[in-house]
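Coordinate analysis (summary)
Below are the chains, spelled out letter by letter.
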Amino acid sequence: MPEPLHASKAGKGREDGRDQKAAVGRTVTASQTVPAIVRCKIRKRGERMLAYSIRRMIALIPVLIGMSLIVFGIIRAIPGDPALAILGQKATPESLEQLRRSLGLDKPWYYQYFSYVKDLLSGDLGTSIRSGAPISREIWPHLAATIELSFVAMLIAVVVGINLGILSAWKQNSAIDVISMVIALVGVSMPVFWLGLVEQWAFSIKLGWLPSIGRDDIRDPVAAITHIYLLDTLLSGRLDQFWEVVRHLVLPSIALATIPMAIIARMTRSSMLEVLRSDYIRTARAKGQKMVWVVYKHALKNAFIPVLTVIGLQSGLLLGGAILTETIFGWPGIGSYIYDAIQFRDYPVIQSGILIIALMFVLVNLIVDLLYAVFDPRIKYK
Amino acid sequence: MKRFFWLAVVVIASLTLVLSGCSSSSSGDKSSSGNEKGGNKVLVFGRGADSTSLDPAVVTDGESLGVTKNIYETLVEYKGQTTDVGPGLAESWDISADGKTYTFHLRKGVKFHDGTDFDAEAVVYNFDRWKNGNDEAKFAYYVSMFGGFGDKSVIQETKAIDKYTVEFKLKTPFAPFLKDLAMSPFAIASPKAIKKYGDKYGVDAAVGTGPFKLKEWKRKDTITLVKNKDYWQKGKPKLDGLIFKVIPDNTARLNALKNGEIDLMDGVNPSDLKDIKNNKDLQIFYRPPMNIGYLGFNVEKKPFDNPLVRQALNEAVDKQALIDAFFNGTAEPAKNPMPPSIGGYNDAVQPYEFNLDHAKELLKKAGYPNGFKTELWTMPNPRPYMPNPDKIAEAIAHNFKKIGVDAKIQTFEWTTYLEKLAKGEAPMFMIGWTGDNGDADNFIYTLLSSDAIGSNNYSRYSNKQVDSLLKKAQTVTDENQRQELYKQAQEIIHKDAPWIPLFHTKPALVGKSNIKGYQPHPTGSDSFVDVDLAD
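One numbering rule holds for all chains: residues counted from 1, following each sequence as written. Written order determines the labels here, with chains lettered from A and ligands numbered from 1. pLDDT decides what is reported in this predicted model: residues at 70 or higher carry local features, side-chain atom pairs at 80 or more are listed and counted, and totals for whole chains, interfaces and linings draw on all residues regardless. Hydrogens and water molecules were not included; the side-chain quantities draw on all heavy atoms of the structure.

1. Here's the deal with the overall build of chain A
Strands are runs of DSSP state E lasting at least two residues, helices are runs of H or I lasting at least four, and both sets are numbered from the N terminus onward. Across its full length, chain A holds 15 helices and two strands. We call a residue buried when its accessible area falls under 20% of the maximum for its residue type, exposed when it is over 50%, and partly exposed in between, using a 1.4 Å probe and counting protein chains only. Among the 382 residues that make up chain A, the fraction classed as buried is 51%. Taking contacts inside chain A between residues at least 6 apart in sequence as the whole, the part at least 24 apart equals 75%. Note on areas: these come from Shrake-Rupley sampling with a 1.4 Å probe, and a residue is covered only by the protein chains present in the view. Accessible surface computed for chain A: about 17,800 Å², of which carbon and sulfur atoms make up 69%. Note on definitions: a residue-residue contact is assigned when non-hydrogen atoms from the two residues lie within 4.5 Å.

Set out below in structure tokens:
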């Protein structure tokens, strides 16, 4: 049964972009490698990959400059005076004027932009207008919270999504297939905040199995070292706290995982369907290999490239902070950090925050590009 | 690929373990999530947003002041749930006959959390720091309550007479002075700590004399305070710790309360109150109102320059029906521009009765027999004095239509909204005010004097008689005489009707039924010094 390759609208748009980039960045050679020169090739491959990574990193610079300009422009285009946003209803005309001056908002925009870039180049992300604390220090705990949550959510999404996709491709048109795809469809369309509240109601209030909010036991807080609590608790040897952190991760990560999980499942299914019909699969089956083996070893490897692309994009999106999930679960991540900043027109925080998110997005996709070669040795980096 | 396969198996297996493990440990957890972890009485307060800074002098937001209230203390303190003032760090005080000199006798043996002594020099240091601040944005409350920095400030001089006596010299008699001093922003901080931390004070440290000490601040997450064991009030505080936890979503916060992860919360959806009332494990607290939600007219814009039109619209609003529909018992109808809990409230004012026929007649008299078209602006987001402004605006517009006034509803993003109101762009608008110090001046003068046009007098209402009454009331120190002046002003304002005073909300807070001694204060900053958790 023919099925569109692109599982979702979001996936499709991004996918096209990926293809273009792929055409520029790498070439696929169909020729088989000769066993005698394999070792030499591997070494060369490593060098090429490194060179490719470095080139990609350099290409990041114009991207980041463009990004910073766009962000800088957009936030200044939003109506609303930051001085008034900070002082609120208790503001006086004098205090407003003074605050504008001390924030440098009375200066022309290009002056503001260049002084911002100058600070950035010297590694200074700026100072939060609202709290007066340096952003480089403020942002990491939020980033760490988001990374931890996104990682666990992606783990769930990948493991469940891929297996669901494989299962439904393998047993195409069976009851399992239908059920899996209904789950995937519901997963894509379910509002995250609603799912989050239902989870809290069911697993916290009614069943009492899991905590409903936060990252750790409020009354027995984790001593932050790296701010990735799964690591911190292990580093300080507090297994009981580690367990608490895991329990706190369950509900928000499941809520966050649903959409990527569904997209991955659908992408895996369509990709697998194509591969399962190819001749070499039939050959493998004919040689008497078990179906499980054929599916997971032979088929998945070939079907995995488009899935990997989706995983990369979704990870990038999750790392951008999931404001709804963070709001419902009181999760102090990067999304709510920037959202708060927008409310208060905290320009430096918005600028630097979005820049860091953009950087992470690009880095994750670079990693994905590099991973392509792991799954498909025919892919070479030039 | 084989490796991937096994990885997948392992991960699935471990996830299954995690989930099943959660259910098996559930019984043990429920009990430990109570308040007794490690034998400590720790209360967790759930709230919607984080603090900005823990230096009370530099903040204006309630989320910051609610925390600093428990770390610091002021010279005089509000008594119980009122805005009357009583002794605080000052045991007693004398006021000179001309009302220009205040002498405070300080409590002895009080220490800051860093071990330094609280004395007259510390008081002088704090007041001089604000007065010489020269940064209007930084010490915003000092400027708005005391009129400005340096020579502009009503406080001319603060002087240490001896180790435990401080004298304040004022430029003019300034009646709200004591009430201002009781405000959380004017709490006394350790001079040593302020010097030590400089710009980072309030971000990295907060050192006062209060019942709790700052232990840790995890931004956008938790602020952990612990008991000050050397607190000057013996046997207090009763709690061993106090934690403020940010949970932005109202429903999620209530879920966390029901699940025992927090003990007390603000920001309850009125629609949840019925369910909460039936829950034996929970109790509801009401904060006495110190706010006003109102609909203002721009009296410079036609047709609202005509008092008859304003009176007619006043008669077209059924406040009680609005309260029944939207507040679930958490509000009272308003008739004056300030809440009844504040001294000087004029209870003799007769509110405009809801009477559509009479309203129509008034419009006819004003020259608008067929009504008119206009705009009603409303706030984009809930405010403490109005939980769902969009719906309330719709209901009001619906009533206006019945007398022929066709009001189109308009809204803007919050900061833009305030900006446009201050510029006088809105013909008719929903807004409100939360009081700072519990003084009538802080409502009527701040919101309706000619001096406030361009800032908080969004109606651009200007009445010479009212202005002179308000100015006079600022200088008279005799409380009864002051109250009389405010009562007169309220009568004039009632007739001029620059607003439709709508409601005073008394926000609900919900806590576990074992909380004892919690008294939400009208200012919104609650002291937990007397709060206890029963076993």
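Additional details are given in the paragraphs that follow.
2. With respect to the pattern of salt bridges
Here a salt bridge means any side-chain nitrogen of Lys or Arg lying within 4 Å of a carboxyl oxygen belonging to Asp or Glu. Applying the stated rule across the entire model yields 34 salt bridges over all chains. Residue R56(A) is joined to D369(A) by a salt bridge in which the shortest nitrogen-to-oxygen separation is 2.5 Å. A residue pair is termed long-range when its members are at least 10 positions apart, and R56(A) in helix α2 (residues 38–77) and D369(A) in helix α15 (residues 347–375) qualify at 313 residues. Residue classification places R56(A) among the buried residues on the basis of a relative accessible area of 17%. R460(B) is the partner of E300(B) in a salt bridge, and the nearest nitrogen-oxygen pair spans 3.0 Å. Note that E300(B) is positioned in the loop between β13 (291–297) and α10 (307–314) and R460(B) in the loop between α15 (441–448) and α16 (464–475), a separation of 160 residues in sequence.

3. A short note on the sheet that holds strand β11 (residues 264–265) of chain B
All names here are of chain B. Strand pairing is assigned whenever DSSP identifies at least 2 bridges connecting the two strands. A sheet is described by the order of its strands in space; here seven strands give the open sequence β8-β9-β10-β1-β11-β19-β12, paired in mixed fashion. Looking at which strands have only one partner, the edges of the open sheet turn out to be β8 (212–218) and β12 (282–286). Direction of pairing for strand β1 (residues 42–47) relative to strand β10 (residues 241–246): parallel, over a ladder of six bridges. Paired with F45 across the two strands is F244, which belongs to β10.

4. Section: unusual backbone geometry
Residues and elements named next belong to chain B. Cis peptide bonds are those with omega within 30 degrees of zero, and the linkage from K236 to P237 qualifies with -5 degrees. Tracing the chain through its elements places P237 in the loop between β9 (222–227) and β10. Residue K302 is joined to P303 through a cis peptide bond whose omega torsion reads -5 degrees. Among the structural elements, P303 can be located in the loop between β13 and α10. The phi dihedral of K220 is positive, around 60 degrees, even though this residue is not glycine. Its relative accessible area of 14% is what places K220 among the buried residues. Phi angles above zero are rare outside glycine, and N328 is one such case at about 50 degrees.

5. Concerning helix α3 (residues 62–71) of chain B
One turn of an α-helix holds 3.6 residues; hence residues three or four places apart share an orientation. Extensive coverage of α3(B) is indicated by the burial of eight of its ten residues. Three or more residues of α3(B) are buried, namely S64(B), L65(B), G66(B), V67(B), T68(B), K69(B), N70(B) and I71(B).

6. Some details on the packing of aromatic side chains
All names here are of chain B. The pairing test for Phe, Tyr and Trp rings, Trp by its six-membered ring, is centres within 6.5 Å, and the orientation test on the planes gives stacked under 30 degrees, edge-to-face over 60, and tilted for anything in between. Taken as a whole, this structure holds 34 aromatic pairs over all chains when the rule is applied. Between F304 and F372, the aromatic rings sit 5.8 Å apart at their centres with planes inclined by 80 degrees, giving edge-to-face as the arrangement. Here F372 lies in strand β15 (residues 372–378) and F304 lies in the loop between β13 and α10, a separation of 68 residues in the sequence. Note on F304: relative accessible area 0%, which makes it buried. One Lys or Arg, K420, reaches over the ring of F412 and ends 4.9 Å from the middle of that ring. When the NZ atom of lysine or the CZ atom of arginine is within 6 Å of a ring's centre and also within 35 degrees of its normal, the charge is said to sit over that ring. K506 extends its terminal NZ or CZ atom over the ring of Y286, reaching a point 5.5 Å from the ring centre.

7. Focus on the side chain of T165(B)
In this fold, T165(B) is placed in strand β7 (residues 165–170). Sequence-distant contacts of T165(B), defined by excluding residues within four places in its chain, comprise T103(B), F104(B), H105(B), A120(B), K159(B) and A160(B).

8. What to know about empty space enclosed by the protein
Take a probe with the size of a water molecule and roll it over the atoms, and the empty space left behind shows itself. Buriedness for pockets is judged along seven lines, at least five of which must meet protein on both sides within 12 Å for an open set on the 1 Å grid over protein atoms alone, while cavities are sets there where a 1.4 Å probe fits but cannot get out, and lining residues have an atom within 4 Å of a point. Grid points are joined across faces, edges and corners, and a volume is the space filled by probe spheres set on the points. All told, the structure shown has seven cavities of 30 Å³ or more when counted by the stated rule. Forming the boundary of the second largest cavity are 15 residues, of which S128(A), R130(A), S131(A), E138(A) and K220(B) lie nearest the centre. By residue number, the principal contributor to the lining of the second largest cavity is helix α14 (residues 334–343) of chain A, which donates three residues. Its residues placed into classes, the lining of the second largest cavity shows four nonpolar, four polar and seven charged. Just so you know the grouping, Ala, Val, Leu, Ile, Met, Phe, Trp, Tyr, Cys and Pro go in nonpolar, Asp, Glu, Lys and Arg go in charged, and all remaining residues, Gly too, go in polar.

9. Let's talk about the packing of helix α7 (residues 175–189) of chain A against helix α10 (residues 239–276) of chain A
Residues and elements named next belong to chain A. Running from amino to carboxyl end, α7 crosses α10 at an angle of 140 degrees, the nearest separation of the two axes being 7 Å. Comparing their axes, α10 and α7 come out oblique. The two elements α7 and α10 cross, and the hand of that crossing is left-handed. Contact residues: α7 offers D177, M181, I183, A184, L185, G187 and V188, while α10 offers T258, I259, M261, A262, I263, A265, R266 and R269. For the contact of α7 with α10, the class distribution of residues is ten nonpolar, two polar and three charged. A fitted line through C-alpha atoms represents every axis, and for helices the fit uses only the stretch in contact; the resulting angles, taken between N-to-C directions, go from 0 to 180 degrees. Throughout this description, any angle smaller than 35 degrees is read as roughly parallel, any larger than 145 degrees as roughly antiparallel, any in the 65 to 115 degree range as roughly perpendicular, and the remainder as oblique. Handedness of a crossing follows from how the near helix is turned relative to the far one, being left-handed for an anticlockwise turn of less than a right angle and right-handed for a clockwise one.

10. Overview of the confidence of the model for chain A
Should pLDDT be low for a region, the predicted coordinates there are not to be read in detail. Each residue carries a pLDDT score, the predictor's own confidence in it, on a scale running from 0 to 100. In the predicted model, chain A carries a mean pLDDT of 81, and the fraction of residues at 70 or more is 86%. Predicted confidence is poor over residues 1–34 of chain A, with pLDDT under 50, and the contacts of this stretch with residues over four places away or in other chains come to 45 contacts.

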